[in-house]
Amino acid sequence: MTPRRDGSNGSPLLSVRDLRTRIRTDDGWHHAVDGVSFDVERGETVCLVGESGSGKSVTCESLTGLVPQPPAEVSSDGVAFDGESVADRSEAELRSIRGRRIAHVFQNPQSALDPVYTVGKQVTEPIRIHEDVSRSGARDRAVDLLRRVGIPRAAERLDSYPHEFSGGMRQRIAIAVALSGDPDLLIADEPTTAVDVTVQARLLDLFRSIVGDGTSVLLVTHDLRVVAAVADRVLVMYGGTIVERGPVGAVFDAPSHPYTQALFDSYGTGDRAAVAERTARGGIPTDGCRFRAECPHAVEECAGGAQPAFHAVGDSPDHAASCVHYGPEGDPSAIRENATSPVESRAERESRRSAVDRSATSAPETEGERR
Ligand SMILES: Nc1ncnc2c1ncn2[C@@H]1O[C@H](COP(=O)(O)OP(=O)(O)OP(=O)(O)O)[C@@H](O)[C@H]1O
Ligand code: NI
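Residues numbered from 1 in each chain as written. Chains lettered and ligands numbered in written order. Predicted model: local features only at pLDDT ≥ 70, side-chain atom pairs only at ≥ 80, totals over all residues.

A. Layout of the overall build of the protein. When you go through the protein residue by residue, the secondary structure sums to 13 helices and 13 strands. Within the protein, buried positions represent 43% of all 371 residues. Residue pairs at least 24 apart in sequence account for 65% of intrachain contacts in the protein once pairs closer than 6 positions are excluded. (Helix = DSSP H or I, 4+ residues; strand = E, 2+ residues; numbered from the N terminus. Buried ≥ 20, exposed ≤ 12 C-beta atoms within 10 Å, placed from the backbone. Contact = placed C-beta atoms within 7 Å.)

If you want it as structure tokens, here you go:
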């Protein structure tokens, strides 16, 4: 578990301050990302969760200039990668960082692979650029990577073209391509959607192993079991803002923002209905607490001005919610009563596993993912 990259300058690998992305629409400006700040440390997995339309994808795409401007406009108080600002880089510089150091797996995988090159070429090329390996060495690495993302008979299929694979396989090949250049940061948007549980377990193993090698992962997912399995920290988004953040164990044990509680309560029932209902009622406020229109705990102070400040909640100093009730004047006791965990967190599972390990022999490695 020794990180390969030592982080000598002491700064987080990725640091994002007050990121804002607005998109021009026929009805005016839409504030898709509305003041988002967070860090990703080296060798850390950060998961971004939140209902459909909360701004997760646009956040990811804004980080390295992937949102089309126009119609979008991106601004921030700073986006730094490995201690250096990327907010003011030229398109060519951004492209080079994207290619070598930050790999992006898109929610829509159709665009990720080049239809005119074989899969083998697309996976091998970055390996050969990145490392001093022979052609056959690179092929071996490519086969190994494809096998690890769950492509059967990978060696035989290196010379196939993307269209010869199913949509699900293309998505996984895109993950292999993303990892082939050994990035410092993998940004993966819903990479485990629509894959069966065996492949999902394989992908989660792969993510854990690259993190073990020192790569950082920013992962967008709706699947809270995936979050429990891989996240170190969680960011909960609502209405273009982060409403709660913290270590996965703390957030899952004690979800503290009323939105996080609503999200966790509806887990498994799907959020489409809630989103449709909200749209019918006229949308999300664009000031103060974005969740106040639906919040059972809303008070006058929730309206107007900037997003509520983050206040520490619970025992972990890194666990905080953007909610007035946790401030010096507030009383969060009524909110705290509703805290229920959506799924067993990794911390809980590990402590259960080690209890099993102590009492008997050893627990099977992928047990937690087979449910
Ligand atoms: N090109 C665009 N033009 C107009 N609005 C857009 C565009 N792209 C995104 N949006 C809007 O920005 C908001 C955030 O979208 P985003 O795709 O980031 O949501 P998300 O959290 O990733 O949702 P999902 O879970 O469905 O992927 C949404 O309201 C979306 O409709
Ligand atoms: Ni998305």
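Read on for the rest.
B. Quick look at the sheet that holds strand β12 (residues 310–312). On the basis of which strands lie adjacent, the open sheet formed by eight strands has the order β7-β8-β9-β3-β10-β11-β13-β12 and mixed pairing. Looking along the sheet, the strands with just one partner apiece sit at the ends: β7 (102–105) and β12. This sheet shows a mean twist of 15° between the axes of neighbouring strands, independent of strand direction. Sheet topology note: the β12/strand β13 (residues 320–322) ladder contains three bridges and is antiparallel. When the sheet's bridge partners are listed, Ala312 is paired in β13 with Ala320. Most of the contacts of helix α6 (residues 167–180) go to β7, to which it runs at about 175°, and overall it touches β7 and β8 (185–189). (Pairing = 2+ DSSP bridges. Axes fitted to C-alpha atoms, helices over the stretch in contact; angles between N-to-C directions.)

C. Summary view of the site of ligand 1. In the neighbourhood of ligand 1, 14 residues make up the surrounding shell, with Ala32, Ser52, Lys56, Ser57 and Val58 lying closest. Secondary-structure elements contributing two or more residues to the shell around ligand 1 are β1 (14–25), β2 (28–40) and α1 (56–63). When residues in the shell around ligand 1 are grouped by element, the largest group, three residues, is from α1. Residues belonging to the shell around ligand 1 are distributed by class as follows: four nonpolar, nine polar and one charged. (Near = placed C-beta within 6 Å. Nonpolar A, V, L, I, M, F, W, Y, C, P; charged D, E, K, R; others polar.)

D. Highlighting the nonpolar core. Counting 89 residues, the largest nonpolar core has Leu146, Ile173, Ala176, Leu218, Val227, Val234 and Val236 as the members making the most contacts within it. Examining the composition of this core, we find that eight residues originate from one element, α6, more than from any other. For this core, the domains that each give at least three residues are domain 1 (105–182) and domain 2 (254–358). Not counting the four nearest positions on each side in its chain, Ile173 is found in contact with Leu113, Val119, Leu146, Val149, Ile151 and Phe165. (Core = buried A, V, L, I, M, F, W, Y, C linked by C-beta atoms within 7 Å. Domains from an automatic or database assignment.)

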